[in-house]
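Chain residues, written in single-letter form:
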Amino acid sequence: MTSLPPADSLLMPLPPRPKSASAEATEWENEEILNVILPPREWMEGNQLWVQQVSSTPCTRVDVVNLEELLDTKLQQRQARQMGICPIRRELYSQCFDELIRQVTINCAERGLLLLRVQKEIQMTIAVYQTLYESSVAFGMRKTLQAEESKGDMGKKILELENEKQDLQKQLKEQKAESDEAEKREVEKQQVEEKKYTEEILFLKRTNQQLQTQLKQITAPKT
């Protein structure tokens, strides 16, 4: 049992009437099909059960024009978006399609049932696309969160690497300073040793020369 039908629906209803226990057992074929396609709305008001069916009155060209004008008016009044996903626009166009099915069914029940089948297929396709859209949005949100987490972890890793780089550069600078100092000491040591070696050679040469002189004096014949 449904609640009171909305007053701004695009479907053309019959005036509500009390549901009588002595309702006729048979209905016109088109009315029966209409009731299957667009089930009557029922609601309680006080202790009385009310029923409202869609109209089975054939439509005219003026009715179609009025339906289009009413659709445009409702779209503007409810501020439906012209582009993108809009539940309001979808609802109003669905009501408009229901009204077109009603109008076609009155003239040709088979054509109305075929239109209903097309409508159901479209609704099913839209539902599938909506599910895919919601899944893709959820997937995108998960990926975004993962990317943010990865970005934070990557930032920490970069900071650690930067600190490690600075430490290594500091160590390299210290080791280079030590290497330069050791090289300087080694050069100075080598210079000292070379100087000492040179002095020893000169000393040995002078000593050798003195010995040679003394030897000549000793070995020289006496006159």
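On a predicted model such as this, the values are computed, not experimentally measured, just so you know. (Residues numbered from 1 in each chain as written. Predicted model: local features only at pLDDT ≥ 70, side-chain atom pairs only at ≥ 80, totals over all residues. Heavy atoms only, no water.)

**As for helix 4 (residues 109-219)**
The end-to-end C-alpha distance of helix 4 is 156 Å, a good match for the 165 Å that 111 residues give at a rise of 1.5 Å each. All buried positions along helix 4 are accounted for by A109, G112, L116 and Q119. Summarising the contacts, the buried residues of helix 4 are in contact with helix 1 (29-37) and helix 3 (87-107). (Helix = DSSP H or I, 4+ residues; strand = E, 2+ residues; numbered from the N terminus. Expected span 1.5 Å × (residues − 1). Buried < 20%, exposed > 50% of the residue type's maximum accessible area, 1.4 Å probe, protein only. Contact = heavy atoms within 4.5 Å.)

**Regarding a nonpolar patch on the surface**
Residues I85, Y133, V137 and M141 make up a contiguous nonpolar surface patch of roughly 400 Å² in combined accessible area. Among the secondary structure elements, V137 is positioned in helix 4. (Patch = residues over 30% accessible without salt bridge, like charges linked within 9 Å, V, L, I, M, F, W, Y side chains within 5 Å. Areas by Shrake-Rupley, 256 points an atom, 1.4 Å probe, with all protein chains shown as cover. Salt bridge = Lys/Arg side-chain N within 4 Å of Asp/Glu carboxyl O.)

**Re the packing of helix 1 against helix 4**
Contact geometry for helix 1 and helix 4: axes closest at 11 Å, N-to-C directions at 5°. The angle between helix 1 and helix 4 places the two elements in the roughly parallel class. Contacts between helix 1 and helix 4 involve N30, I33 and I37 on the former and, on the latter, A109, G112, L113 and L116. For the contact of helix 1 with helix 4, the residue count by class is 5 nonpolar, 2 polar and no charged. (Axes fitted to C-alpha atoms, helices over the stretch in contact; angles between N-to-C directions. Parallel < 35°, antiparallel > 145°, perpendicular 65-115°, else oblique. Nonpolar A, V, L, I, M, F, W, Y, C, P; charged D, E, K, R; others polar.)

**Considerations on unusual backbone geometry**
With glycine set apart, most residues show a phi of negative sign, and most peptide bonds adopt trans. Of note in this structure, Q79 is not a glycine but carries a positive phi near 55°. Note on placement: Q79 falls in the loop between helix 2 (61-77) and helix 3. A residue is classified by how much of its surface remains accessible, and Q79, at 67% relative accessible area, is exposed.

**Details of the layout of surface pockets**
Unoccupied space between atoms shows up once a probe the size of one water molecule is rolled over them. Its boundaries defined by the atoms lining it, the largest pocket holds a volume of some 300 Å³. Every residue along the wall of the largest pocket is listed here: G84, I85, C86, P87, R89, R90, E91, Y93, I126, Q130 and Y133. Contributing elements (two or more residues each) for the lining of the largest pocket: helix 3 and helix 4. The element contributing the most residues to the lining of the largest pocket is helix 3, with 5 residues. Here the residues of the lining of the largest pocket sort into 6 nonpolar, 2 polar and 3 charged. (1 Å grid on protein atoms, 1.4 Å probe; cavity = no way out; pocket = protein on both sides within 12 Å on 5 of 7 lines; lining within 4 Å. Points joined across faces, edges and corners; volume = space filled by probe spheres on them.)

**What to know about the pairing of strand 3 (residues 48-52)**
The pairing of strand 2 (residues 41-45) with strand 3 spans 5 bridges and is antiparallel. Its bridge partner lying in strand 3, E42 is registered against V51. Two successive antiparallel strands, strand 2 and strand 3, enclose a turn made up of 2 residues, where G46 displays a positive phi of approximately 70°. (Pairing = 2+ DSSP bridges.)

**Things to note about the nonpolar core**
Counting 9 residues, the largest nonpolar core consists of I33, L34, I37, L38, V54, I101, I106, A109 and L116. With 3 residues, the top contributor of residues to this core is helix 1. With near-sequence residues (within four places) excluded, I37 lies in contact with I101, T105, G112, L113 and L116. In this structure, L67, L71, C86 and L92 belong to the second largest nonpolar core, which totals 7 residues. (Core = buried A, V, L, I, M, F, W, Y, C linked by side-chain atoms within 4.5 Å.)

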